[in-house]
Amino acid sequence: MKVFVTGVNGYIGAVLAPYLMERGLTVLGLDTGYYRDGWLYSDNRLLAFSPQTINKDLRAITEKDLEGCDAVAHLAELSNDPLGQNNPAVTHQINHKGSVALAQKARAVGIKRFVYTSSCSVYGAGTGEFLDETAKVNPQTAYAECKVLVEQDVGKMAGADFCPVFLRNATAYGPSPRMRFDIVINDLSALAWTTKRIAMISDGSPWRPVVHIEDICEAIYRSLVAPEDAVRGKVFNVGRNSDNYRVREIAEIVAAEFPGCEISVGPPSADNRSYRVSFDRIHNELPGFAARFTAKDGARQLREIFERIQMTDETFKFRAFTRLKQLKYLQATNQIDGDFNWR
Ligand SMILES: NC(=O)c1ccc[n+]([C@@H]2O[C@H](COP(=O)([O-])OP(=O)(O)OC[C@H]3O[C@@H](n4cnc5c(N)ncnc54)[C@H](O)[C@@H]3O)[C@@H](O)[C@H]2O)c1
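Note that the structure is predicted; figures quoted are calculated from it, not measured. The numbers attached to residues start from 1 for each chain and follow its sequence in the written order. Where local features are concerned, this predicted model is filtered to residues with pLDDT of at least 70; where side-chain atom pairs are given and counted, the filter is 80 or more; whole-chain, interface and lining totals use all residues. Side-chain numbers here rest on the full set of heavy atoms in the structure, without hydrogens or water.

A. Structural view of the packing of aromatic side chains. The rule is short: rings of Phe, Tyr and Trp, with Trp giving its six-membered ring, pair when the centres are within 6.5 Å, and they are stacked under 30 degrees, edge-to-face over 60, tilted in between. Counted by the stated rule, this structure contains ten aromatic pairs. Judged by centre distance (5.9 Å) and plane angle (40 degrees), the rings of Phe114 and Phe162 are tilted. Of the two residues, Phe114 is situated in strand E5 (residues 113-119) and Phe162 in the loop between helix H6 (142-155) and strand E7 (163-169); the sequence distance between them amounts to 48 residues. Here the term buried applies to any residue with accessible area under 20% of the maximum for its type, exposed to any over 50%, and partly exposed to those in between, with areas from a 1.4 Å probe on protein chains only. Since its relative accessible area comes to 0%, Phe162 is described here as buried. Of the aromatic side chains, those joined through ring pairs into one cluster are Phe181, Trp193, Phe258, Phe306, Phe316, Phe318 and Phe321. Remark: a charge is flagged as sitting over a ring if the NZ atom of Lys or the CZ atom of Arg is within 6 Å of the ring centre and within 35 degrees of the ring normal. Taking NZ or CZ as reference, Arg276 lies 4.2 Å from the ring centre of Trp207, over its face. Arg319 extends its terminal NZ or CZ atom over the ring of Tyr329, reaching a point 3.7 Å from the ring centre. Labels follow the DSSP assignment, with helices taken as runs of H or I lasting at least four residues and strands as runs of E lasting at least two, numbered in each case from the N terminus.

Okay, structure coming up:
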């Protein structure tokens, strides 16, 4: 199977490509390279499985680019809430319109399987109850709104000739050479390593689901190879029930992996968004899927990488590892225009 992986140079894409190739799939990547300045570490596995990649914007993909591919795994978007809020118009252009157009082109060239990386952020503000895939969505940001719109528009295309699958990922954690320090476990682990101190600005009481980056890759792989009838048009939350934590528990798990790290807790926050997510469906209905990692495994793996590369504070703070910083830098230095196209 030849898979067209968009966002192949992103945090998840850089781990996904080798993950699929090790399992015998061929990968053709696409990425516009917003974060190409950031690469945290190398190893032989990554080098052995680096895919052929088209350097192009999602909005400029043609049907010709997709010819010869059997499936699409679509990851290329402006991904996370602050990035979406930074420019909601361009977020809609890329994340909503660009994603739907990609699905239409894929279907036009006869590609049936289309795996879309959605997000648990579609659930928005909850009350701490367990939410499953039938819960009402309640997006709070442009990023989450676009995820809902893509699920709706591409979901309507499901039929005998098209088999989309929607993966609502929890917040990811774990090492990737295309590191991101703007997500909670990666950020707290880097803080613990560089300062031996996690100072929380709130009391850390809200619930958050998190998921290991390789469990996301496994969910994508299983969605690509599953029989059509098992997945056509389906939505799956991606994670494991036991990886729903209160934010202060996440801080405790991370601190325990970094000897000498102290935690301080702040006052209750006005931001009381809190939700827990049920991951029963993916474990019961996606053939072959089982989440393998926990937050503790992720924090340990991050510590091992930081030790190996002797990570400095400067590296932790480097713009290309924090999405909003990097895109603001590309705008401020006139490298991308108002529509986020390269000049
Ligand atoms: N990381 C998480 O916690 C998480 C959680 C839920 C869902 N997701 C989703 O998974 C997908 C991948 O996430 P990630 O963390 O790897 O994101 P990322 O930002 O690290 O990577 C996205 C990649 O897409 C590329 N890209 C962005 N806009 C593009 C465009 N217009 N044309 C071509 N390439 C473009 C970027 O250059 C980048 O390499 C995203 O759709 C994201 O919303 C991620």
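Let's pick the thread back up.
B. Summary view of the site of the ligand. Only a single heavy atom is needed: when it lies within 4 Å of a molecule or strand, its residue is near that molecule or strand. Around the ligand, the surrounding shell holds 29 residues, and the nearest of these are Ile12, Asp31, Leu58, Tyr143 and Arg180. Polar contact criterion, stated in full: a pair of N or O atoms within 3.5 Å, where within protein one must be able to donate a hydrogen and the other to accept it, and residues adjacent in sequence count only if both atoms are side-chain atoms. Interatomic distance of 3.2 Å between a side-chain N/O atom of Asp57 and a nitrogen atom of the ligand. Of all the elements in the fold, those that place two or more residues in the shell around the ligand are E5, H6 and strand E8 (171-173). Considering every element that reaches the shell around the ligand, the biggest residue donor is E5, with three residues. Among the residues forming the shell around the ligand, the class breakdown is eleven nonpolar, eleven polar and seven charged. Each residue gets one label: Ala, Val, Leu, Ile, Met, Phe, Trp, Tyr, Cys and Pro are nonpolar, Asp, Glu, Lys and Arg are charged, and the others, such as Gly, are polar.

C. Examining the nonpolar core more closely. Counting residues in each nonpolar core, the largest one holds 79 residues, and the members touching the most others are Val5, Leu20, Ile198, Ile220 and Val254. Here the element with the most residues in this core is helix H8 (residues 213-225); it accounts for seven residues. Joining through side-chain atoms within 4.5 Å is the link that ties buried Ala, Val, Leu, Ile, Met, Phe, Trp, Tyr and Cys residues into a set, and such a set is a nonpolar core. Tyr35, Cys69, Val90 and Leu327 belong to the second largest nonpolar core, which has 32 residues in total.

D. Broad picture of the side chain of Ser121. Relative to the assigned elements, Ser121 resides in the loop between E5 and strand E6 (127-131). The exposure class assigned to Ser121 is buried, which follows from its relative accessible area of 13%. Looking at Ser121, its side chain comes within polar contact range of the side chain of Ser119, at 2.8 Å. We call two residues in contact whenever any of their non-hydrogen atoms come within 4.5 Å of each other. Once you skip the residues sitting within four places of it in the chain, Ser121 turns out to touch Asp81, Pro139, Tyr143, Ala144 and Tyr275.

E. Structural context of the sheet that holds strand E3 (residues 52-55). The sheet built from seven strands is open, its strands ordered E3-E2-E1-E4-E5-E7-E11 with parallel pairing. The strands lining the two open edges of the sheet, one partner per strand, are E3 and strand E11 (235-238). Within the sheet, the average angular offset between the axes of one strand and its neighbour, ignoring direction, is 20 degrees. When DSSP locates at least two bridges between a pair of strands, those strands are taken to pair. Bridging between E7 and E11 involves four bridges; their strand directions are parallel. Bridging across to E11, Phe166 finds its partner in Val235. Lines fitted to C-alpha atoms define the axes, with helix axes restricted to the stretch in contact, and inter-axis angles between N-to-C directions lie between 0 and 180 degrees.

F. Focus on the sheet that holds strand E12 (residues 244-246). Pairing is mixed across the open sheet formed by three strands, whose spatial order is E8-E10-E12. Only two strands of the sheet have a single neighbouring strand rather than two, namely E8 and E12. Between one strand and the next, the sheet's axes are offset by a mean angle of 50 degrees, whatever the strand orientation. Its contacts with the sheet put helix H10 (residues 247-257) on strand E10 (207-212) and E12, and the angle it makes with E12 is roughly 95 degrees.

G. Quick look at the packing of H10 against helix H12 (residues 295-309). Put simply, H10 and H12 touch, their axes get as near as 9 Å, and they point 40 degrees apart. Considered as vectors, H10 and H12 are oriented oblique to each other. Both H10 and H12 take part in a crossing whose hand is right-handed. Within the contact between the two elements, H10 uses Ile253, Val254 and Glu257 and H12 uses Ala295, Lys296, Ala299, Arg300 and Arg303. A class-by-class count of the residues in the contact of H10 with H12 yields four nonpolar, no polar and four charged. Each angle gets one of four labels, with under 35 degrees taken as roughly parallel, over 145 as roughly antiparallel, 65 to 115 as roughly perpendicular, and the rest as oblique. Two helices that cross are described as forming a left-handed crossing if the nearer one is turned anticlockwise from the farther one by less than a right angle, and a right-handed crossing if clockwise.

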